[in-house]
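Residue-level structure breakdown
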Amino acid sequence: METDIFSDLQKTLVKQLESIEPFRLSPCVLKTSQRISEGDFVILTNDASAEAARQALDDVTKNSNLPIQSVKIEKNRILVSLDRKETFTRCIQQINSMSSDYGHCSQFSKEEICFICDRETSSDDLTNFRVNYLVEIAKNLTSAIGFDVMENDESDQKLYFTHKSNSSVDRSQYRLVLCGVVKNAETKMKETSITVPEYRRIKNKIMIEEMKDRDKLLLHVTELLTDALLKFNLLHVKINSPVLMNLNPLLEDFDGTAVFIMYNYSRLNAIIHEYEERVQKKCYPPLPSVDSVDFGLLKEEKEWIILFNFLLQFPNVVLNAGKDIKKGQFSPYILYNFLHNMSRTVSSYYRSTKILLYNRPQLLPLIVARMYLIKAVHQVFTNGLNLLGIKPAPAL
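Moving on, we come to the pairing of strand 7 (residues 158–162). Of all five residues in strand 7, five are buried; the element is thus mostly enclosed. Alternating positions in strand 7 separate into two faces, Lys158, Tyr160 and Thr162 on one and Leu159 and Phe161 on the other, with burial throughout. Relative to strand 7, strand 5 (residues 112–117) is paired through four bridges, and the arrangement is parallel. Within strand 7, the residue paired with Cys114 across the bridge is Lys158. As defined by bridge partners, strand 7 adjoins strand 8 (residues 175–178) across four bridges and the pair is classed as parallel. Of the residues in strand 8, the one forming a bridge with Tyr160 is Leu176.

Here is the structure:
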């Protein structure tokens, strides 16, 4: 599932341009890197002046991280290109400045909300664990988008989490959030025979055996990976959908995804750690201030894709994951998919592009720019994992 890139921006652009005659727009179409020469995204329209298009786009983007470099009219299409150097600079500087707060917003800053679990959710039952875990994520996401999360039920907005469709909770006082149960993948029945500690023990044993032949560097963090594996497995479907858990000795697909995400986060840690070690050995100078970095040196197409598809999109992903919470709905699987897709792209990037080049004067500015990009990706990874209540893997 590919990330829905710039969907919110596109809606804003359409709304803005529809107010300007003679624009009559169909939805924006984002161009992939294979046709990037056409522009970063394309708006379909009837004949219109480039100046009108530029003015409308500037009005939308003047205070954002999306500076417009050019607007070109070609038949019935508006081809929009961003100023890449300026976009890199603004976005990476913002991530560096906001750090753990990047992705947060204040859209619901004047609203209170509280979350309550079904009383039976204190056991080690896998379904009850999922209900508790979803409450934890709901608190994290709503705090991130500005809600004041109350620890009591004095708030006017009360959400009651349960896996029981016939719950007797007073629905005039609470909005019911129905969580899907955890089912055995073979029997398709609710899993009741395996507790959370037993699941962890079984999966950890399988993980150790698998890592012996595949990724020996991960052997020392199998317990951490097992926890991530359990939580990711509970997130890959909508919250009200059942989760199928597989205890087969062979790792299932979602297990591999969890390991892949954590492995790539750990690889970013390792790159940052290696740079710091080289600084200690006087092989590299310390990183200069981010304000002095020439991000125009980031010319690889994969570097732009990382920024365009993921770093810029992260705040929208967080907002989209939590914005419907007042309706009793939220979507942590959106964040799960985002981290998975970002892992795939970043993995491809650092396998094909050397980050830590030779220490030569002419190469140092590029090394510094790439290190700040890696640190920005690492920060977004960290923030995403924290929102999902998953402890990040250390450097390998």
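Following the sequence through the fold, Val149 ends up in strand 6 (residues 148–150). When its relative accessible area of 17% is taken as the criterion, Val149 is described as buried. In this structure, the C-alpha to C-alpha distance between Val149 and Glu112, residues 37 residues apart in sequence, is 5.9 Å. Beyond its immediate sequence surroundings of up to four residues, Val149 is in contact with Ile113, Phe115, Lys139, Thr142 and Ser143.

The next subject is a negative patch on the surface. Together, Glu112, Asp148, Asp153, Glu154 and Asp156 line one region of the surface with negative charge. Topologically, Glu154 is positioned in the loop between strand 6 and strand 7. Residue classification places Glu154 among the exposed residues on the basis of a relative accessible area of 63%.

Moving on to the pattern of salt bridges. In this structure the tally under the stated criterion is 13 salt bridges. A salt bridge links Asp227 to Arg200, with the nearest nitrogen and oxygen atoms 2.8 Å apart. On the criterion of sequence distance, the pair formed by Asp227 in helix 6 (residues 222–233) and Arg200 in helix 5 (residues 196–213) is long-range, its members being 27 residues apart. The buried category is assigned to Asp227, whose relative accessible area is 17%. Classification of Arg200 as partly exposed rests on a relative accessible area of 26%. For Asp227, the salt bridge is made with Lys231, and the minimal N-O distance between the two is 3.5 Å. Here Asp227 pairs with Lys231, and both are found in helix 6, just four residues apart, close to one helical turn. The class of Lys231 is buried, set by a relative accessible area of 10%.

How two helices pack is summed up by the angle between their axes together with the distance between the axes. It is the contact of helix 10 (residues 332–352) with helix 11 (residues 364–387), at a shortest axis distance of 11 Å, that shows an interaxial angle of 155°. Here helix 10 is positioned roughly antiparallel relative to helix 11, judged by the angle of their axes. In the packing of helix 10 onto helix 11, the handedness of the crossing is left-handed. For the pair formed by helix 10 and helix 11, the contact residues are Leu335, Phe338, Leu339, Met342, Ser343, Val346 and Tyr349 on the first element and Arg370, Leu373, Ile374, Val377, Val380, Phe381, Gly384, Leu385 and Leu387 on the second. Along the lines of polarity and charge, the residues of the contact of helix 10 with helix 11 split into 13 nonpolar, two polar and one charged.

One pair of aromatic rings is described through two measures. These are the centre distance and the angle between the planes. In the structure shown here, the tally under the stated rule is 14 aromatic pairs. Taking the centre distance of 4.6 Å and the plane angle of 10° together, the rings of Phe108 and Phe147 count as stacked. With Phe108 in the loop between helix 3 (84–98) and strand 5 and Phe147 in the loop between helix 4 (126–144) and strand 6, this pair connects stretches of sequence that are 39 residues apart. Here the aromatic rings of Phe295 and Tyr372 are separated by 6.4 Å at their centres, their planes lie at 80°, and the arrangement is edge-to-face. Linking Phe295 in the loop between helix 7 (253–280) and helix 8 (301–311) with Tyr372 in helix 11, this pair joins segments that are 77 residues apart in sequence. Within the aromatic cluster, the residues linked to one another by ring pairs are Tyr102, Phe310, Phe314 and Phe338. One cation-aromatic arrangement involves Arg267 over Tyr350; the distance from NZ or CZ to the ring centre is 5.6 Å.

Here is what the cut-offs are and how they apply
Residues numbered from 1 in each chain as written. Predicted model: local features only at pLDDT ≥ 70, side-chain atom pairs only at ≥ 80, totals over all residues. Heavy atoms only, no water. Buried < 20%, exposed > 50% of the residue type's maximum accessible area, 1.4 Å probe, protein only. Helix = DSSP H or I, 4+ residues; strand = E, 2+ residues; numbered from the N terminus. Pairing = 2+ DSSP bridges. Contact = heavy atoms within 4.5 Å. Patch = residues over 30% accessible without salt bridge, like charges linked within 9 Å, V, L, I, M, F, W, Y side chains within 5 Å. Areas by Shrake-Rupley, 256 points an atom, 1.4 Å probe, with all protein chains shown as cover. Salt bridge = Lys/Arg side-chain N within 4 Å of Asp/Glu carboxyl O. Lys, Arg positive; Asp, Glu negative; His and termini not counted. Charge placed at Lys NZ, Arg CZ, Asp CG, Glu CD. Axes fitted to C-alpha atoms, helices over the stretch in contact; angles between N-to-C directions. Parallel < 35°, antiparallel > 145°, perpendicular 65-115°, else oblique. Left-handed = near helix turned anticlockwise from the far one by under 90°. Nonpolar A, V, L, I, M, F, W, Y, C, P; charged D, E, K, R; others polar. Phe/Tyr/Trp six-rings, centres within 6.5 Å; stacked < 30°, edge-to-face > 60°. Lys NZ or Arg CZ within 6 Å of the ring centre and 35° of its normal.

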